[in-house]
Amino acid sequence: MSPRELLLDNARLVLPDRIVHGHLRVVGGRIRELGEGRLRTPSARDCDGDYLLPGLVELHTDNLEKHLLPRPGAHWPAAAAVRAHDAQLLAAGIATALNAISVGEEEAEQAVEPQTVLAALAQAREDGGLRIEHAVHLRCELPCPDLPQRLQPLLDAPQLRLLSLMDHTPGQRQFHDLERYRAYSARHGTARDDAGFGAHVRHLQDLQHRHAAGHRRIVLAMARERGLPLASHDDSELSHIAEAVDAGARIAEFPVNLATALAARAAGLSVLAGAPNLVRGGSHSGNVAASELARAGALDALSSDYVPGSLLLAAFQLGAWDSIGLPRAVAMVTHTPARAAGYDDRGALAAGQRADLLRVRVVRGFPHLEAVWIGGERRY
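Residues numbered from 1 in each chain as written. Predicted model: local features only at pLDDT ≥ 70, side-chain atom pairs only at ≥ 80, totals over all residues. Heavy atoms only, no water.

Asker: Residue-level account of helix α3 (residues 114-126), with values.
Answerer: Between its first and last C-alpha atoms α3 spans 18 Å; for 13 residues at 1.5 Å apiece the expected length is 18 Å, and the two agree. Within α3, the full set of buried residues consists of P114, V117, L118, A120, L121 and A124. Mapping the buried residues of α3 onto a view down its axis gives an arc of 160°, with all of them on the same face. If you follow the buried residues of α3, they end up packed against α1 (63-68), α2 (78-91), β7 (94-103) and β8 (133-141). (Helix = DSSP H or I, 4+ residues; strand = E, 2+ residues; numbered from the N terminus. Expected span 1.5 Å × (residues − 1). Buried < 20%, exposed > 50% of the residue type's maximum accessible area, 1.4 Å probe, protein only. Arc of directions from axis to C-beta. Contact = heavy atoms within 4.5 Å.)

Asker: Describe the pairing of strand β15 (residues 366-374), with residues and values.
Answerer: Relative to β15, strand β14 (residues 357-363) is paired through seven bridges, and the arrangement is antiparallel. Looking at β15, one finds that V360 is bridged to L369. The antiparallel pairing of β15 with strand β16 (residues 377-378) creates a hairpin that spans two residues between the two strands, and G375 there sits at a positive phi of about 55°. (Pairing = 2+ DSSP bridges.)

Asker: Lay out helix α11 (residues 310-319) with the relevant residues and their values.
Answerer: With respect to burial, α11 is a largely interior element, eight of its ten residues being buried. Among all positions of α11, only S310, L311, L312, A314, A315, F316, L318 and G319 are buried.

Asker: Explain the packing of α2 against α3 residue by residue, including any values.
Answerer: Here α2 crosses α3 at 65°, and the two axes come no closer than 9 Å. Considered as vectors, α2 and α3 are oriented roughly perpendicular to each other. Our pair here, α2 against α3, has a crossing hand that is right-handed. From α2, A78, A79 and V82 reach across to α3, where they touch T116, A120, L121 and A124. Along the lines of polarity and charge, the residues of the contact of α2 with α3 split into six nonpolar, one polar and no charged. (Axes fitted to C-alpha atoms, helices over the stretch in contact; angles between N-to-C directions. Parallel < 35°, antiparallel > 145°, perpendicular 65-115°, else oblique. Left-handed = near helix turned anticlockwise from the far one by under 90°. Nonpolar A, V, L, I, M, F, W, Y, C, P; charged D, E, K, R; others polar.)

Asker: Before we move on, could you go through the sheet that holds strand β11 (residues 251-253) and cite the residues and values that matter?
Answerer: An order of β6-β7-β8-β9-β10-β11-β12-β13 is seen for the eight strands of this open sheet, with the pairing classed as parallel. Every other strand in the sheet has two partners, leaving β6 (56-61) and β13 (301-303) as the edge strands with one partner each. On average, each strand axis in the sheet is inclined to that of its neighbour by 25°, with strand direction left out of account. Pairing between β6 and β7: four bridges, direction parallel. Bridge assignment links V57 to a residue of β7, and that residue is T96. Along the sheet, α2 makes contact with β6, β7 and β8, crossing β7 at roughly 135°.

Asker: Could you give me a rundown of the pattern of salt bridges, with the residues and numbers involved?
Answerer: In the structure shown here, the tally under the stated rule is 19 salt bridges. Of the charged contacts in the structure, one is a salt bridge between E33 and R25, with a shortest N-O distance of 2.8 Å. For E33, a relative accessible area of 39% corresponds to the partly exposed category. Judged by its relative accessible area of 21%, R25 falls in the partly exposed class. Between D50 and R361 there is a salt bridge whose closest N-O contact spans 2.9 Å. A residue pair is termed long-range when its members are at least 10 positions apart, and D50 in the loop between β4 (45-46) and β5 (51-54) and R361 in strand β14 qualify at 311 residues. Assessed through its relative accessible area of 4%, D50 is described here as buried. Because the salt bridges share partners, they merge into one network encompassing E133, D345, R346, R354 and D356. (Salt bridge = Lys/Arg side-chain N within 4 Å of Asp/Glu carboxyl O.)

Just distances and angles here, no functional claims.
Take a look at the structure:
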């Protein structure tokens, strides 16, 4: 074989519609061919009957912000944070990651400067310090008073793939329960007494009243001008789905309840839920369980959100369901998110696709990552 050729044999290939025992050949970073049966070629790598599946595609990872701001107010050097984040995603089997970067975060101590993040990603890429492909997902906080001014200089980032419409105002969407919002704020270093909490909530609600609707129109115009995909976020009312459809959104991220998820799917949006929600058996914030969405046929894709390792676990957990099966579950973390973000060159074991590949062995019911190839090159 040539140095740019890779032959994997004796693997269970997780194809879009079935699993076959066979082999796969990579040439020049792309899948050249695949087929059933053993080749027994001396140059082939024996996968010992392990699963071979596409590299995972992540639409909304908050993990980079955790490395940049490991504790409230404790900012970490961006160059080191980016490399640590990249290594963690690789070890989780994520081959393509849309890093979710907040634009317009209200709490100063929770904020990570978007320009700093983009510059650190660009520098690491230029230095050859990234082992997976990193793209950018800008989370647009609509109530932020100067959101358009903050967002405008970020739109020319070459790796920008997705904009999402965010509104974390307490009293609606994810934070419809004010006591849950109070607990969330306390966990993130902003505990307040009753008077201070009430004043803070009223301040945020006033910002939403004054700015959110106008900023939504501006962000939609920016997205249309650049042909960027859009996602809605934390939809809790049917009116939110109607707004998302009117905006031309492709993705409904983390719907708060089953009704909005069903409405989103009926309207043609890809419904994205949290893999940690599925693995844990429920939402940490009291919203609908991802398993409930799956049982109702209202789940299209999963995101690792705040736990990179959850994506592979969730795929195999869902794959064990008779009503879903492993090929369909794997598509939820590969093919479906790839297409939702506008990628047509990855996410499936098929001729012509990028050779982002995972070798996975199941031990005591849990998937163990044995190897990762990115563009046909062994990286893990």
